[in-house]
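Report on the structure
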Amino acid sequence: MKALKNFMDKISPTFHEGGKLAKLQSVYDGMETFLFTPNTTSRSGVHIHDANDMKRTMSTVIVALIPCLLFGMYNVGLQHYLALGTAEHTGWFTMWLFGLLAMLPVIIVSYVVGLGIEFISAQIHHKEIQEGYLVTGLLIPLIVPINTPLWMTAIAVAFAVIFAKEVFGGTGMNIFNVALVARAFLFFSYPSKMSGDLAFVKTSSALGFGGGTVSDAFSGATPLGQVAANVGDTLQPLHDVAGNAIGTMDAFLGTIAGSPGETSMVCILIGAFILLLTGVASWRVMGSVFAGGLVMGFIAHACATPTYPASMLDPLAQLCYGGFAFAAVFMATDPVTGARTHTGQYIYGFLIGVIAILIRVYNGGYPEGAMLAVLLMNAFAPLIDHCVVSANINRRLKRASRTAKE
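Report on the accompanying structure. (Residues numbered from 1 in each chain as written. Predicted model: local features only at pLDDT ≥ 70, side-chain atom pairs only at ≥ 80, totals over all residues. Heavy atoms only, no water.)

1. Observations regarding the overall build of the protein
Secondary structure assignment for the protein yields 17 helices and four strands. In the protein, buried positions account for 49% of the 406 residues. Once local pairs closer than 6 in sequence are excluded, the contacts in the protein between residues at least 24 apart make up 69%. On the protein, roughly 19600 Å² of surface is accessible, and the fraction owed to carbon and sulfur atoms is 66%. (Helix = DSSP H or I, 4+ residues; strand = E, 2+ residues; numbered from the N terminus. Buried < 20%, exposed > 50% of the residue type's maximum accessible area, 1.4 Å probe, protein only. Contact = heavy atoms within 4.5 Å. Areas by Shrake-Rupley, 256 points an atom, 1.4 Å probe, with all protein chains shown as cover.)

Here it is, written out as structure tokens:
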């Protein structure tokens, strides 16, 4: 490590003013700050010095995502071998290796395209390269179907980084969650791949690995997709891609079809524990999202009707299925796009939970609702904070007026 630091210091003059590669200064600074913690501090004005800088914050979020990533790889392989009918005779490591090979190209495309655009933008505007995309680049592969073509993923990433982030001024200035904008772009541009009711299985022919062949057209309905297609006065038993019965416990563990990072409630809760323990995520937002989902889930279940099959799901199942829990822990808690005031965070999170279940239950064309709920509340977060601050100001003015009269 010391040798690497010495090497970076040696080539530093080449990338700074007067050097041959001075135009690439932001690229050098980006690499240096990624590898080493900057030793510069503020020298004027009033500042609060804290060891928890953006790099540490982003690193903590990545660590919290690792359980979802590793289990997601395993589940991709599990769904593949279930489709082949050989899951019982296949070891967990083989399944995980299959998932690794399936997800690795998506992760690479996400980072190459996203970071490439950020590097170019930093060069054009002569700004430092921020670490924000390190998390976004990992979130995107976790929330899109595993068989989404790489060129679609690349276009979605480019659109999200340019139009949801850079045009607003870069990291810390965006009003919408960048990863969810990428997913929304895919959903509206290529609905057959992102309809929310299909669980596509990565084909062995595409990977050259897997011990069998699954048709490129093979797909199975996710649990929420099956619920949305339910006909009758009672909710029919749910099943996996092989036709085996599944229940809420399977959703809690994560052995169901769905986007790689969104299926396992256990892994998501591990990530939530890490974020809350380190103080990176707001417990007010996270808890309020789950509270809102439970309240709306109880209301919908109490008014269950065959017209809206998802209303027949019990409230706990509403939280376990789909991307609700993942959105509550990793999307809604984004400090840049969410509410900042404490009271506002309660309101913001609660409304995300309520709206997510509302969309899921009463919009038959879209079995999932977490993505749209978070994006919608991203737009209203500044208004919520404004109303909370205005209410506090008015309350204090009234109190001061009463005190003056007395």
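2. A look at the environment of Val295
Position of Val295 relative to the elements: it lies in helix 13 (residues 283-302). Relative accessible area serves as the criterion here: at 37%, Val295 is assigned to the partly exposed category. Considering only alpha carbons, one finds Val295 and Ile357, 62 residues apart in sequence, at a separation of 9.4 Å.

3. Side note on a nonpolar patch on the surface
A grouping of Leu276, Trp283, Val295, Ile299, Tyr346, Ile347, Phe350 and Leu351 is seen on the molecular surface, where their side chains present a nonpolar patch of about 680 Å² in accessible area. At four residues, the largest contribution of residues to the nonpolar patch is made by helix 16 (residues 342-362). Note that Trp283 resides in helix 13. (Patch = residues over 30% accessible without salt bridge, like charges linked within 9 Å, V, L, I, M, F, W, Y side chains within 5 Å. Salt bridge = Lys/Arg side-chain N within 4 Å of Asp/Glu carboxyl O.)

4. Digging into the environment of Phe298
Residue position: Phe298 is located in helix 13. Remark: the alpha-carbon pair of Phe298 and Asp314, spanning 16 residues in sequence, is separated by 7.3 Å.

5. Description of the pattern of salt bridges
This structure, assessed with the given rule, holds three salt bridges. A salt bridge links Arg183 to Glu262; the nearest nitrogen and oxygen atoms lie 2.7 Å apart. One end of the pair, Arg183, is in helix 7 (residues 178-189); the other, Glu262, is in the loop between helix 11 (248-253) and helix 12 (265-277), and 79 residues separate them in sequence. Residue Arg183 shares its accessibility class with Glu262, and that shared class is buried. Between Arg360 and Glu368 there is a salt bridge; the shortest N-O distance is 3.0 Å. Taken as a pair, Arg360 and Glu368 share a single burial class, namely buried.

6. Re the packing of helix 5 (residues 133-143) against helix 7
Where helix 5 meets helix 7, the closest approach of the two axes is 9 Å, and the angle between their N-to-C directions is 35°. Between helix 5 and helix 7 the crossing geometry is right-handed. Counted together, Thr136, Leu139, Ile140 and Ile143 of helix 5 and Val178, Ala179, Leu180, Ala182 and Arg183 of helix 7 form the full contact between these two elements. In terms of residue class, the contact of helix 5 with helix 7 is built from seven nonpolar, one polar and one charged. (Axes fitted to C-alpha atoms, helices over the stretch in contact; angles between N-to-C directions. Left-handed = near helix turned anticlockwise from the far one by under 90°. Nonpolar A, V, L, I, M, F, W, Y, C, P; charged D, E, K, R; others polar.)

7. Digging into the state of the cysteines
All told, the structure shown has zero disulfides when counted by the stated rule. With no disulfide of its own, Cys267 lies closest to Cys68 among cysteine sulfurs, the gap being 5.5 Å. (Disulfide = S-S within 2.5 Å.)

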